[in-house]
Amino acid sequence: METKIGILGLGGVGGYFGGLLAKAYKNDTRVTISFIARPATSSIIQKSGLRLITPESEEVVYPAVISSNSSTIGHLDVIIVAVKSYDLEEAILSIKDCISEKTIILPLLNGVGAKDIIEQFYPDNLVLDGCVFVISKILEKGVIEQKAGKGILFFGSSKKDARLEYLHELFLGAGIKAKYAPNIQEVIWGKYLFISTLASITSYLDITTGELIENETYLGLFNKLLDEFKAVADAHSIYLSDTIKEDTIRKVKGLPYATTTSMQRDFQQGRRTEYLALTKYIIDLGEQVGIPTETYKTVLLALEAKSNRSKK
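Predicted, not measured: the structure shown is a model, and the values here were computed from it.

1. Focus: the environment of I207
And then number 1: Mapped onto the elements, I207 comes out in the loop between α7 (184–205) and α8 (209–214).
And then number 2: Residue I207 is classed as buried on the basis of its relative accessible area of 6%.
And then number 3: Between the C-alpha atom of I207 and that of A258, which follows or precedes it by 51 residues, the distance is 8.7 Å.
And then number 4: Once residues within four sequence positions are removed from consideration, I207 is found in contact with T202, L212, Y218 and Q264.

2. A word on unusual backbone geometry
And then number 1: With a phi angle near 55 degrees, D206 is a residue other than glycine that sits in the positive phi range.
And then number 2: Residue S237 is not a glycine yet carries a positive backbone phi of 60 degrees.
And then number 3: Take S237: it is sitting in the loop between α9 (216–235) and α10 (244–253).

3. Quick notes on the layout of surface pockets
And then number 1: A volume near 410 Å³ is recorded for the second largest pocket.
And then number 2: Taken together, 22 residues line the second largest pocket, and the ones lying closest to its centre are S85, Y86, E274, L276 and A277.
And then number 3: Looking at the lining of the second largest pocket element by element, the count peaks at four residues for helix α12 (residues 275–289).

4. Focus on helix α6 (residues 163–173)
And then number 1: All of the buried residues along α6 are L164, L167, L170 and F171. An end-on view of α6 places all buried positions within 110 degrees of arc, on one side of the element.
And then number 2: G175 sits one or two positions beyond α6 and adopts a positive phi of about 80 degrees.

5. Concerning empty space enclosed by the protein
And then number 1: The final tally for this structure, using the stated rule, is two cavities of 30 Å³ or more.
And then number 2: Of the volumes computed, that of the largest cavity is approximately 80 Å³.
And then number 3: Together, P107, L109, G111, V112, G113, A114, K115, L128, D129, G130 and I188 line the largest cavity.
And then number 4: Elements that contribute at least two residues to the lining of the largest cavity include exactly α5 (114–121) and β9 (129–140).
And then number 5: Within the lining of the largest cavity, the residues separate by chemical class into six nonpolar, three polar and two charged.
And then number 6: Estimates place the volume of the second largest cavity at around 30 Å³.
And then number 7: Around the second largest cavity sit L109, N110, G111, G130, C131, I188 and K191, which together line it.

6. Considering the packing of α9 against α12
And then number 1: At a minimum axis separation of 9 Å, α9 and α12 run at an interaxial angle of 50 degrees. If you check the angle between α9 and α12, you find them oblique. Taken as a pair, α9 and α12 cross one another with a handedness that is left-handed. Facing F229, V232 and A235 of α9, the residues of α12 in contact are I282, L285, G286 and V289.

7. Digging into α12
And then number 1: Here α12 is 15 residues long and its end C-alpha atoms lie 21 Å apart, about the 21 Å a rise of 1.5 Å per residue gives.
And then number 2: At Y281, α12 is bent by approximately 40 degrees, the largest bend along its length.
And then number 3: Restricting attention to buried positions, one finds in α12 the residues Y275, L278, T279, I282, I283, L285 and G286.

8. Looking at the pairing of β9
And then number 1: Relative to strand β10 (residues 143–156), β9 runs antiparallel, the two being bridged by ten bridges. Bridged to G130 within β10 is F155.
And then number 2: Counting the residues that bridge the hairpin from β9 to β10 gives two residues, and of these G142 lies at a positive phi of roughly 85 degrees.

9. Topic: the side chain of S196
And then number 1: Structurally, S196 can be placed in helix α7.
And then number 2: Not counting the four nearest positions on each side in its chain, S196 is found in contact with F229, L278, I282 and Y296.

10. Re the environment of L303
And then number 1: One can find L303 in helix α13 (residues 294–311).
And then number 2: Classification of L303 by relative accessible area gives buried; the value is 0%.
And then number 3: In this structure the C-alpha to C-alpha distance between L303 and T279, which are 24 residues apart in sequence, comes to 8.9 Å.
And then number 4: With near-sequence residues (within four places) excluded, L303 lies in contact with S203, Y204, M263, F267, Y275 and T279.

The rules we used
- Residues numbered from 1 in each chain as written.
- Predicted model: local features only at pLDDT ≥ 70, side-chain atom pairs only at ≥ 80, totals over all residues.
- Heavy atoms only, no water.
- Helix = DSSP H or I, 4+ residues; strand = E, 2+ residues; numbered from the N terminus.
- Buried < 20%, exposed > 50% of the residue type's maximum accessible area, 1.4 Å probe, protein only.
- Contact = heavy atoms within 4.5 Å.
- 1 Å grid on protein atoms, 1.4 Å probe; cavity = no way out; pocket = protein on both sides within 12 Å on 5 of 7 lines; lining within 4 Å.
- Points joined across faces, edges and corners; volume = space filled by probe spheres on them.
- Arc of directions from axis to C-beta.
- Nonpolar A, V, L, I, M, F, W, Y, C, P; charged D, E, K, R; others polar.
- Axes fitted to C-alpha atoms, helices over the stretch in contact; angles between N-to-C directions.
- Parallel < 35°, antiparallel > 145°, perpendicular 65-115°, else oblique.
- Left-handed = near helix turned anticlockwise from the far one by under 90°.
- Expected span 1.5 Å × (residues − 1).
- Bend = angle between axes of the 7 residues up to and from the residue.
- Pairing = 2+ DSSP bridges.

Structural data, given as structure tokens:
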């Protein structure tokens, strides 16, 4: 029986994991990989393929199908959603022709609210929790470069479903370091702490991770963000390791000196950003339980000002 997997969004995450899937299953009649992308990106990949650059190799891959029109692709067994948080609602509604009652939906977005949003529109579908640990970006349309990170994909669900074991096998068969995680919420919130604090401070100061680590003042601000995030999570009964602050700083120290975050690059280039999901959301959660987040609020004011300037 053929399994049809679709990738919605071909940015750093969708392009990286979609590229690995397309490469692995290009000649496999049991698995079809489809890309759902904007018209300009679809046109480029149709002509020239998706160029995937990793520290180990560089190659061009082609999916079985690529289109900006979901009705052209048809029903899918699995949809991996890898769009920006601010595009999520529009994106998932645009693929309604790809979704049957049996379609599994796996969001791989920054933040923690994607599953709840998707379930509002597709309440009868199995919507998974997921997150990834990879630093990859678009060099240009149709070209994805993995800069760092282990390329691990975590996914899980509170619901038992035999199809998830098969999905895990498909990921592993594509060379994806996939892990089915019974403790998926702990994994997701640990990742959220990392990306929320790091994206917020690098966007606020417009510095690389190397500059962050070597400057005591910058590192002090980063520590305050980490403390505020942990306090908010604790107040919401979200389990995070007692050593997560130290673990996070160690991970940042391990990044290449010139590493920047996706949100930071979006600010630099005057594009829409995810500061509402990555910065403001923690402030909102703090206010719900009376936990102060003064450093987050300082950062948010600056990011709102940057965002307003980019709109002019």
